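Read off the chains here:
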Amino acid sequence: MTDEKEIRQVMAAGLVEAAKKDDRIVVLDADLMSCHATKCFLEAYPERFINVGIAEANMIGVAAGMSAFGKIPFAFSFAPFATRRCYDQIFISVAYSKLNVKIVGSDPGVMAEANGGTHMPFEDMTLMRAIPKMVCFEPTDATMLQKALPQIIDYPGAVYIRMFRKKTEKIFDDSLDFKLGKAVKIRAGKDVTLIASGIMVDRAIKAADALAEEGISAAVVNMHTWKPVDADAICEAAKETGAIVTCENHSTFGGLGSAVAEVAVEKCPVPMEMIGVVDSFGEVGKQAYLSEKFRLTVNDIVAAAKRAVARK
């Protein structure tokens, strides 16, 4: 089932609501207000909204300055421009300076579709994970984002939010007990654990259904926070099933698979397979085509799970 609201609408409306009670919240956008639905914040709080134009490095500098004076800035752009284009400003002006800036990078991975390779970020989480103390979060659906936003606002430091703009498959309801940095176990299993994030969570669930038909019991864990990654959940998965498959709409170099492997190799080594983009640039195409090309489909997850189980 698809969510009723787009992720960008939930984010923007959530900030408008939070800003009613907290006058520290400000929004900056790199001339993409329609893309990010941030016009509603501009209309509600014109004095607390800055359109910096297509100038992300400047946007991060302005956000850092506002944070230094006690504000909580949310800075929006497409993910490659919110990360790659202004990396030094994020590293030095925000993180090194211990400032409280929230960076929102939209259209992750293959979800960039028609914008093509220049706008298709497979490396954004790799870059942001490398920054000391940076929290890296990818919401799974609208419900999770609603639960996460107050925690992100309250967190006294830099956060990167990898945000799909449009409607997602609905995974969670209001009963979700969400904690930033703590994975959500969606399904128990005994043969293999599928650890997934973002759009790959729905695909992991479908893969688990397909595996069950073949007699393979697959657990599904939503690892929404890539940093700090939930080491306890990874070790629990390794202990319970003895095999892990990571599923990410992102490069396998430095992404979710790497984050999980870093824990597993030290604390709980088990056979692992990684579903993700391997050493490739993006390209123009519809999500279905790109998912096939970069091997991000349900069938790819099923095949990887079988390989991991066979290696036990």
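Refer to the structure presented above.
The notes below deal with the structure included here. Predicted model only: the values in this text are computed from it and were never measured. (Residues numbered from 1 in each chain as written. Predicted model: local features only at pLDDT ≥ 70, side-chain atom pairs only at ≥ 80, totals over all residues. Heavy atoms only, no water.)

1. Some remarks on the overall build of the protein chain
Phase 1 of the analysis: From N to C terminus, the protein chain includes 13 helices and 12 strands.
Phase 2 of the analysis: Taking 2.2 N^0.38 as the reference for a compact globule, 312 residues should give roughly 20 Å; the C-alpha atoms of the protein chain span a radius of gyration of 19 Å, in line with that estimate.
Phase 3 of the analysis: Along the longest, intermediate and shortest principal axes, the C-alpha atoms of the protein chain span 60 × 40 × 35 Å.
Phase 4 of the analysis: When burial is assessed residue by residue, the protein chain has 58% of its 312 residues classed as buried.
Phase 5 of the analysis: Taking all contacts inside the protein chain whose residues are at least 6 apart in sequence as the whole, residues at least 24 apart take part in 79%.
Phase 6 of the analysis: Surface exposure of the protein chain reaches about 12800 Å², of which carbon and sulfur atoms provide 53%. (Helix = DSSP H or I, 4+ residues; strand = E, 2+ residues; numbered from the N terminus. Rg over C-alpha atoms; globule rule 2.2 N^0.38 Å. Buried < 20%, exposed > 50% of the residue type's maximum accessible area, 1.4 Å probe, protein only. Contact = heavy atoms within 4.5 Å. Areas by Shrake-Rupley, 256 points an atom, 1.4 Å probe, with all protein chains shown as cover.)

2. Observations concerning the sheet that holds strand β10 (residues 225–227)
Phase 1 of the analysis: The strand order β2-β1-β3-β4-β6-β5-β10 describes an open sheet built from seven strands, whose pairing is mixed. Bordering the open sheet on either side are β2 (49–51) and β10, each of which pairs with just one other strand. Sheet twist, expressed as the average angle between the axes of neighbouring strands with direction ignored, equals 20 degrees.
Phase 2 of the analysis: Here strand β4 (residues 102–106) pairs with strand β6 (residues 159–163) via five bridges, running parallel. (Pairing = 2+ DSSP bridges. Axes fitted to C-alpha atoms, helices over the stretch in contact; angles between N-to-C directions.)

3. Re the pattern of salt bridges
Phase 1 of the analysis: Considering all chains together, one arrives at 19 salt bridges under this definition.
Phase 2 of the analysis: Several salt bridges converge on common partners, so that one network encompasses Asp124, Glu138 and Arg162. (Salt bridge = Lys/Arg side-chain N within 4 Å of Asp/Glu carboxyl O.)

4. Quick notes on the pairing of strand β11 (residues 244–251)
Phase 1 of the analysis: Counting buried positions along β11 yields eight of eight residues, so the element is predominantly enclosed.
Phase 2 of the analysis: Inspection of the sheet shows strand β8 (residues 192–196) paired to β11 by four bridges, in the parallel sense. If you follow Thr193 over to β11, its bridge partner there is Ile244.
Phase 3 of the analysis: With five bridges joining them, β11 and strand β12 (residues 272–277) adopt parallel strand pairing. Across the sheet, the residue bridging to Ile244 is Met272, located in β12.
Phase 4 of the analysis: Of the crossover connections in this fold, the one passing from β11 over helix α11 (residues 256–267) to the parallel β12 is right-handed. (Right-handed = clockwise from strand over helix to strand, strands pointing away.)

5. A short note on the packing of aromatic side chains
Phase 1 of the analysis: The full count for this structure, using the stated rule, is five aromatic pairs.
Phase 2 of the analysis: Measuring from centroid to centroid gives 6.5 Å for Phe78 and Phe81, while their planes differ by 50 degrees, and the two rings are tilted. The burial state of Phe78 is the same as that of Phe81; both residues are buried.
Phase 3 of the analysis: Their ring planes at 70 degrees and their centres at 5.1 Å tell us that Phe122 and Phe294 sit as a pair that is edge-to-face. With a gap of 172 residues between them, Phe122 in the loop between β4 and α7 (124–129) and Phe294 in the loop between α12 (287–293) and α13 (298–310) connect regions that are remote in the sequence.
Phase 4 of the analysis: One cation-aromatic arrangement involves Arg48 over Tyr45; the distance from NZ or CZ to the ring centre is 4.5 Å.
Phase 5 of the analysis: Over the face of the ring belonging to Phe81 we find Arg85, whose NZ or CZ atom lies 4.1 Å from the ring centre. (Phe/Tyr/Trp six-rings, centres within 6.5 Å; stacked < 30°, edge-to-face > 60°. Lys NZ or Arg CZ within 6 Å of the ring centre and 35° of its normal.)

6. What about helix α1 (residues 7–21)?
Every α-helix carries 3.6 residues per turn, so stepping three or four residues along brings you back to the same face.
Phase 1 of the analysis: Here α1 contains 15 residues, and its C-alpha end-to-end distance of 22 Å stays within 8% of the 21 Å for a straight helix at 1.5 Å per residue.
Phase 2 of the analysis: Of all the residues in α1, the buried ones are Ile7, Arg8, Val10, Met11, Ala12, Leu15, Val16 and Ala19. (Expected span 1.5 Å × (residues − 1).)

7. Some remarks on helix α6 (residues 87–96)
Phase 1 of the analysis: Restricting attention to buried positions, one finds in α6 the residues Ile90, Val94 and Ala95. All buried residues of α6 lie within an arc of 80 degrees about the axis, which places them on one face of the element. Exposed positions of α6 whose direction lies more than 90 degrees from the buried face are Asp88 and Tyr96.
Phase 2 of the analysis: At the C-terminal side of α6, Lys98 shows a positive phi close to 60 degrees. (Arc of directions from axis to C-beta.)

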